[in-house]
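# Report on the structure
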Amino acid sequence: MRQNILLVAVCAALIQGCAAPSKSQEESTSMPTTSVAVAQPALSAYYWNLVSAADASGKPLVDLNQGVERKLRVSFGDKNLNISGGCNGQFGGYQFQDGILKVQPLASTLMACDKNLMDLDAQVGQLFKGDLRAVITGDSTEPTLQLTTADGSVLKLQGEATPETRYGSKGEIKFLEVAPKTVKCSHPMIPNFHCLQVRERRFDEAGLQLPMQDTWYPLYQSIEGFEHHDGVRTVLRVKEYEWKNPPADAPSKVYVLDLVVEQDASGANR
């Protein structure tokens, strides 16, 4: 009798051990799975250039055609966005969370242009209003931003890395005066190389120019976004970037044009 009881107990134990595991057991014994979230490119790390615009039915928005041709651009700061490429610049506050871009009412500069550009500005003002659904696709090299507006229109914008993103540093504002004439300077790779002649200009807190301290010196690199014209003296507001990982033959500092302050055809250095 005692043997029969022992046999029953052993069988019960075997049956329990062979039974299908519970859901909690499956979760604890199954191979762990990890989902790696791919970081989306940040809005503020790029200039976003319009490449196409269509209404809710897929028909192209005619007024925005010039926006594609003129490189209509949306740039995002920490709290404010700017839109350029039309007649007037438009700007205002925004919030971006959970795929929704909330655009506050935009302000605008007040220049008058031809009707096509004014129509472009009006269309942009209508579309960038309220909540827009935003989807970023692609990697950090060539991201695309798709915005779906309140009326169902779809705007596609291509990301172009800002200088801060490309050079890995925050730019420092400087003012450079560029002489009307370039000067011949030595270059290890380019014979008869000519450099811009520049000197730094400084201003006080009221915007008044301080006495000139620097003499002209050759700049052995270009200023990104600036085209020099022989005989024209120019004062530029530039951003100077420390290039974190420059190529072996590239300078460690980079200058990017921010604004043309003065320009005159003086014909000689002063």
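Below or above, wherever it landed, is the structure these notes cover. (Residues numbered from 1 in each chain as written. Predicted model: local features only at pLDDT ≥ 70, side-chain atom pairs only at ≥ 80, totals over all residues. Heavy atoms only, no water.)

Bringing the packing of aromatic side chains into the picture now. A full pass over the atoms with the stated rule returns five aromatic pairs. Here Phe76 and Tyr94 contribute two aromatic rings whose centre-to-centre distance is 5.0 Å and whose plane-to-plane angle is 75°, an arrangement assigned as edge-to-face. One end of the pair, Phe76, is in strand 2 (residues 73-76); the other, Tyr94, is in strand 4 (residues 90-97), with 18 residues separating them in the sequence. Comparing Phe76 with Tyr94, the two get one shared label, buried. Ring-pair connections join several aromatic residues into one group, and the members of that group are Tyr167, Tyr241 and Trp243. (Phe/Tyr/Trp six-rings, centres within 6.5 Å; stacked < 30°, edge-to-face > 60°. Helix = DSSP H or I, 4+ residues; strand = E, 2+ residues; numbered from the N terminus. Buried < 20%, exposed > 50% of the residue type's maximum accessible area, 1.4 Å probe, protein only.)

Moving residue by residue along a regular strand, the side chains alternate between the two faces of the sheet. The pairing of strand 1 (residues 46-54) with strand 9 (residues 154-161) spans eight bridges and is antiparallel. Residue pairing in the sheet places Ala53 in a bridge with Leu155 of strand 9. Judged from the five bridges that link them, strand 8 (residues 144-148) and strand 9 form a sheet pairing that is antiparallel. By the bridge assignment for strand 9, Thr144 is matched with Gln158. (Pairing = 2+ DSSP bridges.)

Let's shift gears to the pattern of salt bridges. In this structure the tally under the stated criterion is 17 salt bridges. Notably, a salt bridge pairs Lys71 with Glu160, separated by 3.3 Å at the nearest N-O pair. One end of the pair, Lys71, is in the loop between helix 3 (65-69) and strand 2; the other, Glu160, is in strand 9, and 89 residues separate them in sequence. For Glu160, a relative accessible area of 30% puts it in the partly exposed group. The partner of Glu240 in a salt bridge is Lys174, and the shortest N-O contact between them spans 3.2 Å. Of this pair, Glu240 sits in strand 15 (residues 233-242) while Lys174 sits in strand 10 (residues 172-178); the two residues are 66 residues apart in sequence, bridging distant segments of the chain. As far as the burial class goes, Glu240 and Lys174 line up, both buried. (Salt bridge = Lys/Arg side-chain N within 4 Å of Asp/Glu carboxyl O.)

A full pass over the atoms with the stated rule returns two disulfides. Paired by a disulfide, Cys87 and Cys113 hold their sulfur atoms 1.9 Å apart. Here Cys87 and Cys113 share a disulfide; its torsion about the S-S bond, 75°, makes the bridge right-handed. One end of the pair, Cys87, is in the loop between strand 3 (80-84) and strand 4; the other, Cys113, is in the loop between strand 6 (107-108) and helix 4 (115-127), with 26 residues separating them in the sequence. Counting only the cysteines that take part in disulfides, in the order they occur along the protein chain, gives the pairing 1-2, 3-4. (Disulfide = S-S within 2.5 Å.)

The next point concerns the pairing of strand 3. Only one face of strand 3 is covered, namely the face carrying Leu81 and Ile83; the face carrying Asn80, Asn82 and Ser84 is uncovered. Sheet topology note: the strand 2/strand 3 ladder contains four bridges and is antiparallel. Bridge pairing in strand 3 links Arg73 to Ser84. In this structure, the hairpin formed by strand 2 and strand 3 is closed by a connection of three residues. In terms of strand pairing, strand 3 meets strand 4 through four bridges, oriented antiparallel. In the strand pairing of strand 4, Leu81 is matched with Gly92. If you look at the hairpin formed by strand 3 and strand 4, you'll find five residues sitting between the two strands, and Gly85 has a positive phi there, around 115°.

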